[in-house]
Amino acid sequence: MANATVVATTALRQFAFFDVHPVKDAHDLASSPEIFKNASEISTVVSSSAGLLAADIHGSIHILNKEFVSTTSWVAHVGGRVMHMAERKGVLVTIGEEGAVRGSLLKIWDLGKMDKRNQAPVLLRSSKVQPSNKPHPVSCFALSSTLSFLAIGLADGTVLLYRHLDQSLSPTGSLTALPKTRTIHESSPEPITGLGFRELPNPTNADVKDNNLHLFIVTTNSVNVYHVSGKGSGGSSVLLDDIGCGLGCAVMDWRAEKIVLARDEAVYAYGLQGREPPYAYEGYKSSIHTHLNYVIVVSPPTTVVTTSPATRQLAAQAAGGDGDASRVTVFDMENKVVGYTGMFPEGIREVISEWGNIYILTNNGQLTRLTEKSTSAKLSMLFAKALYPLALSLAQTQHLDESYVADIHRQHGDYLYAKGDWDGAMTCYLKTIGWVKPSYVVRKFLDAQRIHNLVTYLQELHALGLANADHTTLLLNTYTKLKDVARLDSFIKTESRRSGAAESNGDLPFDLDTAIRVCRQAGYFDHASYLAKRYQRHEEYLRVMIEDAGKYGEALTYLRHLGAAAAESNLARYGRAMLDNLPEETTQLLIDLCTVSGPLTMPEAEDTTPQQSSTPANAPSYLSYLALSRVPAPEDKVEEFKADEEEDLSEPQTTQPSAPTPSNEKRPSPTLYFAHFVDHSSHFVHFLESVAARRWGQSLSSLPSSLPNASSDEDDDLEKRNQAAVWNTLLELYLDGGTPEQQDKALKVLTSDSLPCDETHALILCSIYSYTRGLVILWEKLGMYEDILRFWMDKHNASPSEPSASTEVVQALVRYGPTHPHLYELVLRFLTSTSELLTRHRADVEKILEHIEKERIIPPLGVVQVLSRNEVASVGLVKGWLMGRIKEAREEVQTDQQLINSYRLETNAKLKQVAELEDPMHAKVFSVTRCSQCSGQLDLPSVHFMCNHSYHQRCLLDHETECPLCVRQHGVIQEIRRNNERMADQHELFLADVQDNGFKVVASGFGKGVLNMTRLDDVTV
């Protein structure tokens, strides 16, 4: 069976992954550590959490530090030796012999506590290992990592198991109180050569299905497994294989999941399911050890399989050593490589794994350290031999960062690319995505013969969501140039579906804008429209359908289902093109968009056949649009919608997005779409009239009472501006049409008081189109009566022989003159400007002069100046009028002279009275006999005032010193004077009055004494 096994073995490559360094004593650099000089006395060496543990044949145990200096030592087995040791969680278990005890002795020590009496660790338990009356030596033992189970193998093939060992180590227990042993295996006369617990796997190790605790049992002729704990534990051991190994040639791997056996023909590994593929390494093996992920095999240098000791000794002597010469081989069983092979002619005493290094103790006491090379150095060795798969395996074993693994794939790909293996190189490059720049790979496969590999790489980039716009462009260009429509369909549709839930987050596997752009450029309009509709790129969809495919009907139907916000922005961009091809349908859509607040419902019948609209020879200038619609287009707003089902590129593009729910969205301004109607005047008129009627209830005809009004949440100022823009543009279109019907409509707009037409703007339009009736109406509405008169005057001057213009002037004066007197002078000048006009309107001139005289509009001198400016009017025309004016003037002068004389007489009398009062030598005689207050006969006591008023003393108030009658009159006069004084200080008000009527205000100021005011405070009474 061994020969058959050799055929199925796996060959191992050899590398120098370890550097060899001799270890010297800390105090004597010329020799090896002092503790190992007598290597023959060292019985066993093991690693522990406290340091390196070395036991000798005298029963002592030493704890060594990194300089191999003993820090603690004690005699563990008196008069005997230590044969086996193991440490877990600071607890040391030793098995040895003592002179006073027959058989093997088990002792348990607490390395964390020291006995003050002998400075040795505290001994927790001590018990004999004796399953029967006939003792047998202990060949091997195993201790679980949790210290719960202890298995001891005897030379007679018996295996003893201690359960719950950790629970029996309480300080209060007896020194010999250990759990009762249980014999779990008997294979007499085959001795037990190896034991090992298969530990519970890590929770993260998902590959391991069995999480129970098992014990591997190895004899010289078999490998067995025993279920220690968990479901189904107990029972008898199960045979895994009927081949075993020698003593010291079985060890658990570094993960404690498998047991490794070293036999002469190969190295075997066993798991719970049995033997795994062996590793070819022929030759005699004396022992096996583990170090991290490595397995260390100690054997003589010869690889010849032989059972003759004499032959092995001769081979050893041929190698340059004695019969104990040994070879040390370090295996990496996971990566199937040999990391080190070395000869030690002196023979191997112990192999130690501690502090991350391998230490080899020879029989002559020399200690050698094997230091593992750095991972980068090991990878460099593998790269030099182009062993990239092995390098990847090593990187995964070392748990290197993904960036290092990706770099290995890159180097492997470069190697294959240089050899011309394009497919293999691309397989490696695909594993570098996310770590190596895509441009590094893309540049290598731009050649036409490698284009298919490039497609594979670009597809994977998109599948992982790492592609940018350039990658999408390159991939789609590749599809289109290869005319590979099937793969293009597959890419677009598969990637669209693969995005799945990521679509709602906007995380697409490719650059959508680039994909649509490339499809459009290549002429694949169906693919471009599919992508645009699939991902709700409404603008792109409409651009494809209108600019590329020319499917205006489908675009119009799509716009109706988008909703107001999206349709608003897109119609602002494509409205003209839609009107050029579907004028009726597009006009109706624009009307609905500007008048409906809810969804844009489909009309009952809509003809989507493109129609050629007639273009007028001279398009209107649309002055109102240029002046009033300078409103920037709003930001593109897109309403989100969900497609009912996946669309196929083979299906007609007629599936529409679901209608949005009704909302109270603000309706767009109609001015946004004015420019689109440049070549569609009739449709423009229909659009404006419909918007005015349906949006604001404004029309030239009678309207039903159910017409909608503007929503209350819309801005009033903006709505007023929109209304003015609509009606201004309508007026321009009516005037531009020139037909009688349109002229009547224009007149209705101008005469209406309810329509919000801008009068100044309308005046400009009527002037441009020479619409006389409109001009007159607007001048009347604006109060520009003088402009009306001057208009008819100018018209008469242009055609003097036409009497209608001058007649219109006289009629206009009759209408507007009574409220605007200044027009009479203007008309008088006009009628007397030529002899023909004066002859034709002589009676009208006389009426005008009579009205001027009656209303005192112009002074006579002003009339004379107007008539005398030329030789048209004769003196006889105004002789009677002038005589009457002169007579009235003389009468006024005479009346004014009489008033002046009376004022002078009164003033002289007052001055004389004042002089008498001021003269102290002039006596005042009071001859009043009646009281001025009560009109009764005066009697004493009485009071007389200088003003000739007398009163009973009882009729006056106490301490009253002024005449009650005169004081009131004087108070009124004084108040008037005070007001005049205040007016004299208000210069701004006086100057403003002077500007309006200068002479009159100045004369009034002199009359009131404002200009020569004497202060009351300065007047002496």
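Anything mentioned here points back to the structure above.
Scope of this entry: the structure provided in the associated data block. This structure is a prediction, so every number in the text was calculated from the model and none was measured.

1. Details of the overall build of the protein
Within the protein, the regular secondary structure consists of 32 helices and 32 strands. Going through the 1021 residues of the protein one by one, you find that 44% of them count as buried. A separation threshold of at least 6 residues defines the contact pool for the protein, and within that pool the share at least 24 residues apart is 54%. About 52600 Å² of surface is accessible on the protein, with carbon and sulfur atoms providing 51% of the total.

2. Some points on the sheet that holds strand β12 (residues 150-154)
Backbone hydrogen bonds are what pair the strands of a sheet, in a parallel or an antiparallel way. Pairing is antiparallel in the open sheet, where four strands are placed in the order β11-β12-β13-β14. Strands with a single pairing partner mark the edges of an open sheet, and in this sheet they are β11 (138-143) and β14 (182-186). Taken over all neighbouring pairs, the strand axes of this sheet differ in orientation by 20° on average, direction set aside. The pairing of β11 with β12 spans five bridges and is classified as antiparallel. Residue pairing in the sheet places Cys140 in a bridge with Gly153 of β12.

3. Thoughts on helix α28 (residues 860-867)
Those residues of α28 lying buried are Gly862, Val863, Val866 and Leu867. Buried positions in α28, seen along its axis, are confined to an arc of 130° and lie on one side of it. What points out from α28, more than 90 degrees from its buried face, is the exposed set Leu861 and Gln865.

4. Considerations on a nonpolar patch on the surface
A contiguous nonpolar surface patch, about 260 Å² in accessible area, is contributed by Leu917, Phe926 and Met946. For Met946, the position within the fold is in the loop between β31 (942-944) and β32 (950-952). In this structure Met946 comes out as partly exposed when scored by relative accessible area, which is 44%.

5. Examining the sheet that holds strand β29 (residues 357-362)
Spatially, β2-β30-β29-β28 is the arrangement adopted by the four strands of the open sheet, whose pairing is antiparallel. Only two strands of the sheet have a single neighbouring strand rather than two, namely β2 (18-23) and β28 (348-354). Ignoring which end each strand starts from, the neighbouring axes of this sheet average 25° apart. As paired elements, β28 and β29 share six bridges and run antiparallel to each other.

6. Observations regarding the environment of Leu92
As for its placement among the helices and strands, Leu92 is situated in strand β8 (residues 91-97). With 19 residues separating them in the primary sequence, Leu92 and Leu111 have C-alpha atoms 6.7 Å apart. The residues touching Leu92, leaving out its near neighbours within four places in the chain, are Leu53, Ile61, Trp74, Met85, Ala86, Glu87, Lys107, Ile108, Trp109 and Leu111.

7. Some thoughts on the side chain of Thr329
Position of Thr329 relative to the elements: it lies in strand β26 (residues 326-332). Reaching out from Thr329, the side chain makes a polar contact with the side chain of Tyr281 at a distance of 2.6 Å. Excluding anything up to four places from it in sequence, Thr329 contacts Tyr281, Val295, Ile296, Val297, Val338, Tyr340 and Thr341.

8. Regarding the side chain of Ser669
Within the element layout of this structure, Ser669 appears in the loop between α17 (623-628) and α18 (681-696). Engagement of the side chain of Ser669 in a polar contact is seen with the side chain of Thr671, the distance being 2.7 Å. Looking at Ser669, its side chain comes within polar contact range of the side chain of Asn722, at 2.7 Å. Every residue in contact with Ser669, bar those within four places of it in the chain, is listed here: Arg695 and Asn722.

9. Digging into the pattern of salt bridges
For the structure shown, the criterion picks out 23 salt bridges. Put simply, Arg537 and Asp513 hold a salt bridge, and the shortest N to O gap is 2.2 Å. Taken together, the residues span a long stretch of sequence, with Arg537 in the loop between α12 (525-534) and α13 (538-548) and Asp513 in helix α11 (residues 512-522) at a distance of 24 residues. On the accessibility criterion, Asp513 (39% relative accessible area) is partly exposed. The salt bridge partner of Arg954 is Asp939, with a shortest N-O separation of 3.7 Å.

10. Some thoughts on unusual backbone geometry
Cis geometry is found at the peptide bond from Ser188 to Pro189, where omega equals 10°. One can find Pro189 in the loop between β14 and β15 (192-198). The step from Leu940 to Pro941 runs through a cis peptide bond, and the omega angle for that step is -5°. With respect to the secondary-structure elements, Pro941 resides in the loop between α29 (875-918) and β31. Located in the positive-phi region is Ala256, a residue other than glycine, with phi close to 60°. Its place among the elements puts Ala256 in the loop between β19 (250-252) and β20 (259-262).

11. Section: the packing of aromatic side chains
Each aromatic ring pair is summarised here by two numbers: the centre-to-centre distance and the angle between the ring planes. Enumeration over the complete set of coordinates arrives at 21 aromatic pairs. Each ring, one from Phe68 and one from Tyr359, has its centre 5.1 Å from the other, and the planes form 75°; the classification is edge-to-face. Placement of the pair is Phe68 in the loop between β5 (60-64) and β6 (70-75) and Tyr359 in strand β29, with a sequence separation of 291 residues. Taken together through their ring pairs, the aromatic side chains of Tyr417, Trp422, Tyr429, Tyr440 and Phe445 make up a single cluster. Its guanidinium or amino end placed over the ring of Tyr417, Lys444 lies 4.8 Å from that ring's centre, counting from NZ or CZ. One Lys or Arg, Arg450, reaches over the ring of Trp422 and ends 4.7 Å from the middle of that ring.

12. Comments concerning the packing of helix α21 (residues 759-768) against helix α22 (residues 772-782)
Packing of α21 against α22 leaves a shortest axis separation of 9 Å and a crossing angle of 155°. In terms of axis orientation, α21 runs roughly antiparallel to α22. Crossing angle aside, the handedness with which α21 passes α22 is left-handed. Contacts between α21 and α22 involve Glu759, Ala762, Leu763, Cys766 and Ser767 from the former and Gly774, Leu775, Leu778, Trp779, Lys781 and Leu782 from the latter. When grouped by side-chain class, the residues that make up the contact of α21 with α22 number seven nonpolar, two polar and two charged.

13. Examining the pairing of β15
For β15, the tally of buried residues reaches seven of seven residues, placing the bulk of the element in the interior. Pairing between β15 and strand β16 (residues 213-219): six bridges, direction antiparallel. Opposite Ile192, over in β16, you have Thr219 as the bridge partner.

14. Let's talk about helix α9 (residues 469-481)
Between its first and last C-alpha, α9 extends 18 Å over 13 residues, near the 18 Å set by a 1.5 Å rise per residue. All of the buried residues along α9 are His471, Thr472, Thr473, Leu475, Leu476, Thr478, Tyr479 and Thr480. Two or three places before Asp470, at the start of α9, stands the capping residue Asn468, its side-chain oxygen 3.1 Å from that residue's backbone nitrogen. Downstream of α9 by a residue or two, Lys483 has a phi angle that is positive, lying close to 55°.

Procedures and definitions
Numbers given for residues are sequential positions, taken from 1 along each chain in its written order. A pLDDT threshold of at least 70 governs which residues receive local features in this predicted model, and a stricter bar of 80 or more applies before side-chain atom pairs are shown or counted, although totals over entire chains, interfaces and linings include all residues. With hydrogens and water set aside, each side-chain value is computed from the structure's full complement of heavy atoms. Helix and strand labels come from DSSP, where a helix needs a run of H or I of at least four residues and a strand needs a run of E of at least two; each type is numbered from the N terminus. To sort residues, take the accessible area from a 1.4 Å probe on protein chains only and compare it with the maximum for the residue type: under 20% means buried, over 50% means exposed, and anything in between is partly exposed. Whether two residues are in contact is decided by their heavy atoms, any of which lying within 4.5 Å being enough. Each accessible area is a Shrake-Rupley result for a 1.4 Å probe, and residues are judged covered by the shown protein chains and nothing else. At least two bridges found by DSSP between two strands is the condition for calling them paired. Helix axes use the C-alpha atoms of the stretch in contact, all axes being lines fitted to C-alpha atoms, and the angles between their N-to-C directions lie in the range 0 to 180 degrees. Throughout, the arc means the angular range of directions from the helix axis out to the C-beta atoms. Only residues whose relative accessible area exceeds 30% and that form no salt bridge are eligible for patches; like-charged ones are grouped when within 9 Å, while nonpolar side chains (Val, Leu, Ile, Met, Phe, Trp, Tyr) are grouped when within 5 Å. Just to be clear on terms, a salt bridge is a Lys or Arg side-chain nitrogen sitting within 4 Å of an Asp or Glu carboxyl oxygen. What qualifies as a polar contact is a pair of N or O atoms within 3.5 Å, subject to a donor-acceptor requirement within protein and to the restriction that residues adjacent in sequence count only when both atoms come from side chains. Here a pair means two rings of Phe, Tyr or Trp (six-membered ring of Trp) with centres within 6.5 Å. Their orientation is stacked below 30 degrees between planes, edge-to-face above 60, and tilted elsewhere. Both a distance and an angle decide whether a charge sits over a ring: NZ of Lys or CZ of Arg must be within 6 Å of the ring centre and within 35 degrees of the ring normal. In this scheme, roughly parallel covers angles under 35 degrees and roughly antiparallel covers those over 145, while 65 to 115 is roughly perpendicular and the rest are oblique. We call a crossing left-handed when the near helix sits turned anticlockwise from the far one by less than a right angle, and right-handed when that turn is clockwise. In this classification, Asp, Glu, Lys and Arg are treated as charged, Ala, Val, Leu, Ile, Met, Phe, Trp, Tyr, Cys and Pro as nonpolar, and every other residue, Gly included, as polar. To estimate the expected span of a helix, subtract one from its residue number and multiply by 1.5 Å.

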